[in-house]
Amino acid sequence: MIESAAHRRVILGGLALYGLLVLVTVEIDPARIAEGLSRTGAFFVGWLRPDFVTRWTDIRAGLLESLAMTAVATAAALLLSVPLGLGAARNLVPGPVYTTARGVLAVARAFHEILVAILFVAMFGFGPFAGVVTLVVGSVGFLGKLLAEAVEEVDPAPLEALTAAGASWGSRVVFGVLPQVMPRVMGLVLYRLDINFRESAVIGLVGAGGIGATLTTAFSRYEFESVSAILTLIIGMVFGAEVIAGRLRQRLL
Amino acid sequence: MPILERGGRQEWRRRTSAEQWLRFLGALGLTAALVAAASTISAQTTWHFVLDAGVQLRDLGMRMFPPDGSYAVAVVRPLLDTLHIATLGTALGVVIALPLAFAAATSTTPSRLYVRPIAILLLVTSRSVNSIIWALMLVVLLGPGILAGVLAIAFRSVGFVGKLVYEAIEEAPELPVTAMETTGAGRAQALAFGLVPQILPTMAGVSIYRWEINIREATILGLVGAGGIGMALQASIDALRWSRVSVILFAILGTVVFAELVSARIRRELG
């Protein structure tokens, strides 16, 4: 990987030096950790005894809201990302369109979901609507970019054949490009559904609805049994979704 | 392709009637589910607040601009903390992930029946819990600060790095390892010289890529008290100092772009 031994030594030495310097700046407060460790007991006991019952109404409502947010956001993102993804494919559109679409996609991915959620909660008020818009922005950036890459890699022969037969730009896209990229897009949409569900558990922290709101409430009330129940459900659902998505992908492709 | 008999003529169809109905019902069900989901959200939404979003946005913009330039100096320290959290967290995550990856790969695991499932479960758990939720838990345990952030990043990275590395181990040809063993090398020697050189590029590439993701994640860990620029952001938002918020957002944007460039450069070098 790195050919010269001297280079290797300099890089490794530099990294080690950096590590030492940084370790000094990390303030480790033993007294606070000891205090925290006494709480760790309560934490792990709570962890091992997930309580699904006490807050079940809230947990169920949160989960359903998260699922609804995931579904709506992924569908809306798919609709938006198809034109953007086609516009960001170098082999389909002229330069200015390409640059604009790529720019929009880059902006959509620049900030962490939480930061986007803060902005949208300020704009749209608390609740799942801000959450949906947040998930749409992130998903458009993700789906649009990967769709554009898939479109740029299509086999050009069908496109040339269509052009030679006098097909318009629209027919070239519908009959030459989409059939080639659709299986990949379906796979990406399934993957994004999974990501969006997990993200919906997080953006609730800043007021954007979903199971994250329930989770934050449980945390701030030190109800670790409920926290554990919620996290177990999330992990279980993500795991289940992965199995189902795997099956679906096998059947569709 | 099914052929229908209709009025003595043969007719070609792309799908059988059963398939067509199945597709139609599937599409109908999907649409119904989407409409139900959308109406759930609509019922939970205060549309009055949504409709005046334009006014809110203009208001927010006016409070964010011009950015408070004098605050830029105060941002440097938390920004460096953020870089440290991402870098140390990634390093620690890789260190934890490697033994787990070897335990999870079918070709190197000590026991397929006992060790492998445990290793895979640990990797899945690590990946299913978002780093900010790890941070939420660690702040309760360790108190607010950089340490909680570093560990949160590390715990989330373990699953990502571990999964990709163990897949690389499974895909690596076993021939070099067998060759080493036939010359009398021990198991550890055979793995160190027959397998590790094969997965080293993947390992380095995955670590750098995770570092890039971690920079982005580390910018928000401060929202729950786990150090870095997120703490400055939370403080500015709580104090409604939006002219400072814009400074922080620009700083984050710059850092993320910088990390992306560095990561792309290094990964290109690695090939």
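Residues numbered from 1 in each chain as written. Chains lettered and ligands numbered in written order. Predicted model: local features only at pLDDT ≥ 70, side-chain atom pairs only at ≥ 80, totals over all residues.

Peer 1: I'd like a description of the overall build of chain B, backed by residues and values.
Peer 2: Along chain B, the regular secondary structure elements total 11 helices and two strands. Tracing chain B from N to C terminus, the helices and strands come up as β-β-α-α-α-α-α-α-α-α-α-α-α. With respect to the three principal axes, the spread of C-alpha positions in chain B is 80 × 70 × 35 Å. Within chain B, buried positions represent 39% of all 271 residues. (Helix = DSSP H or I, 4+ residues; strand = E, 2+ residues; numbered from the N terminus. Buried ≥ 20, exposed ≤ 12 C-beta atoms within 10 Å, placed from the backbone.)

Peer 1: With reference to specific residues and values, describe the overall build of chain A.
Peer 2: Secondary structure summary: chain A contains 10 helices and zero strands in total. Each helix (α) and strand (β) of chain A, taken in turn from the N terminus, gives the series α-α-α-α-α-α-α-α-α-α. Seen along its three principal axes, the alpha-carbon backbone of chain A occupies a region of about 75 × 60 × 40 Å. Residues classed as buried in chain A amount to 39% of the 253 residues present. Within chain A, counting contacts between residues at least 6 apart in sequence, those at least 24 apart form 72% of the total. (Contact = placed C-beta atoms within 7 Å.)

Peer 1: Explain the interface of chain B and chain A to me, using residue names and the numbers behind them.
Peer 2: On the chain A side, the residues contacting the 45 residues of chain B number 44 residues. Here the element with the most residues in the side of chain B that touches chain A is helix α9 (residues 187-221) of chain B; it accounts for seven residues.

Peer 1: Tell me about the domain arrangement of chain A, residues and numbers included.
Peer 2: In terms of domain boundaries, chain A breaks down into domain 1 (5-47) and domain 2 (53-252). Distance between the C-alpha centres of domain 1 of chain A and domain 2 of chain A: 35 Å. (Domains from an automatic or database assignment.)

Peer 1: I'd like a rundown of the packing of helix α7 (residues 146-171) of chain B against α9 of chain B, residues and numbers included.
Peer 2: Residues and elements named next belong to chain B. One can describe the packing of α7 onto α9 by two numbers: an axis separation of 9 Å at closest approach and a directional angle of 150°. The angle between the axes of α7 and α9 places the two elements in the roughly antiparallel class. In terms of crossing hand, the pair formed by α7 and α9 is right-handed. Taking contact as the criterion, the partners of Gly 149, Ala 152, Ile 153, Ser 157, Phe 160, Val 161, Leu 164, Val 165, Ala 168 and Ile 169 in α7 are, on α9, Leu 195, Ile 199, Thr 202, Met 203, Val 206, Ser 207, Arg 210, Asn 214, Glu 217, Ala 218 and Leu 221. (Axes fitted to C-alpha atoms, helices over the stretch in contact; angles between N-to-C directions. Parallel < 35°, antiparallel > 145°, perpendicular 65-115°, else oblique. Left-handed = near helix turned anticlockwise from the far one by under 90°.)

Peer 1: Pulling in residues and values, what's your account of the domain arrangement of chain B?
Peer 2: The domain boundaries assigned to chain B delineate domain 1 (3-45) and domain 2 (64-270). Taken over C-alpha atoms, the centre of domain 1 of chain B sits 44 Å from the centre of domain 2 of chain B.

Peer 1: Quick rundown of the environment of Thr 54 of chain A? Include the residues and the values.
Peer 2: Mapped onto the elements, Thr 54 of chain A comes out in the loop between α2 (30-48) and α3 (56-87). Each C-alpha atom of the pair Thr 54 of chain A and Glu 225 of chain A lies 9.3 Å from the other, and the pair is 171 residues apart in sequence.

Peer 1: Before we move on, could you go through the packing of helix α10 (residues 229-238) of chain B against helix α11 (residues 242-270) of chain B and cite the residues and values that matter?
Peer 2: Residues and elements named next belong to chain B. Axis separation between α10 and α11 bottoms out at 9 Å; the angle between their running directions is 160°. By the angle class used here, α10 and α11 are roughly antiparallel. Where α10 crosses over α11, the two elements pack in a sense that is left-handed. Across the interface between the two elements, Ile 229, Ala 232, Leu 233, Ser 236 and Ile 237 from α10 touch Arg 244, Val 245, Ile 248, Ala 251 and Ile 252 from α11. Along the lines of polarity and charge, the residues of the contact of α10 with α11 split into eight nonpolar, one polar and one charged. (Nonpolar A, V, L, I, M, F, W, Y, C, P; charged D, E, K, R; others polar.)

Peer 1: Explain helix α6 (residues 128-152) of chain A residue by residue, including any values.
Peer 2: In this model, α6 of chain A (25 residues) spans 35 Å end to end at C-alpha, consistent with the 36 Å of a helix rising 1.5 Å per residue. Of all 25 residues that make up α6 of chain A, 23 are buried, and the element is covered over most of its length. (Expected span 1.5 Å × (residues − 1).)

Peer 1: Tell me about the nonpolar core, and please be specific about residues and values.
Peer 2: Among the nonpolar cores identified, the biggest contains 133 residues, and Ile 114 of chain A together with Ala 135 of chain B are the most heavily contacted of them. The leading source of residues in this core is α7 of chain B, at 17 residues. If sequence neighbours within four positions are ignored, Ala 135 of chain B has contacts with Ala 148, Gly 149, Ala 152, Leu 221, Val 224 and Ala 226 of chain B. (Core = buried A, V, L, I, M, F, W, Y, C linked by C-beta atoms within 7 Å.)

Peer 1: A description of the environment of Thr 216 of chain A should follow, citing residues and the corresponding values.
Peer 2: Residues and elements named next belong to chain A. Tracing the sequence through the fold places Thr 216 in helix α9 (residues 211-220). On the neighbour-count criterion, Thr 216 (20 C-beta atoms within 10 Å) is buried. The spacing of Thr 216 and Leu 21 is 195 residues in sequence and 35 Å in space, taken between C-alpha atoms. Each residue touching Thr 216, except ones within four places of it in the same chain, is listed here: Gly 204 and Leu 205.

Peer 1: Could you give me a rundown of the pairing of strand β2 (residues 9-12) of chain B, with the residues and numbers involved?
Peer 2: Residue and element names in this part refer to chain B. As defined by bridge partners, strand β1 (residues 3-6) adjoins β2 across four bridges and the pair is classed as antiparallel. Counterpart to Ile 3 in the pairing with β2 is Trp 12. Hairpin connection between β1 and β2: a loop of two residues separates the two successive antiparallel strands, and Gly 7 in this loop has a positive phi of roughly 55°. (Pairing = 2+ DSSP bridges.)

Peer 1: Go over unusual backbone geometry with me, naming the residues and quoting the values.
Peer 2: The bulk of non-glycine residues show a negative phi, and the bulk of peptide bonds are trans. Residues and elements named next belong to chain B. Backbone torsion omega between Phe 65 and Pro 66 reads 0°, so that peptide bond is classified as cis. As for its placement among the helices and strands, Pro 66 is situated in the loop between α3 (53-64) and α4 (72-104). One non-glycine residue, Leu 240, lies in the positive phi region at around 55°.

Peer 1: Hey, could you go over the confidence of the model for chain A for me, with residue numbers and the actual values?
Peer 2: Close reading of the predicted structure is inappropriate where its pLDDT is low. Taken over all residues, the pLDDT of chain A has a mean of 83, while the share at 70 or more is 94%. Averaged over each element, pLDDT in chain A is lowest for α2 of chain A (73) and highest for α6 of chain A (90). (pLDDT = per-residue confidence, 0-100.)

Peer 1: Residue-level account of the environment of Gly 8 of chain B, with values.
Peer 2: Residues and elements named next belong to chain B. Relative to the helices and strands, Gly 8 is located in the loop between β1 and β2. By C-beta crowding, Gly 8 is classed as exposed, having 5 other C-beta atoms within 10 Å. In sequence terms Gly 8 and Gly 227 are 219 residues apart; their C-alpha atoms lie 78 Å from each other.

Peer 1: So what's going on with α2 of chain A? Residues and values would help.
Peer 2: For α2 of chain A, which comprises 19 residues, the first-to-last C-alpha distance of 26 Å matches the rise-based estimate of 27 Å (1.5 Å per residue) to within 8%. For α2 of chain A, the principal kink sits at Arg 39 of chain A and spans about 30°. (Bend = angle between axes of the 7 residues up to and from the residue.)

Peer 1: Tell me about the confidence of the model for chain B, residues and numbers included.
Peer 2: Residue and element names in this part refer to chain B. Per-residue pLDDT for chain B has a mean of 85; in total, 99% of the residues score no lower than 70. Element-level pLDDT for chain B is lowest in β1, with a mean of 72, against a maximum mean of 90 in α7. On the interface metric, ipTM, the complex scores 0.76, and its pTM is 0.80.

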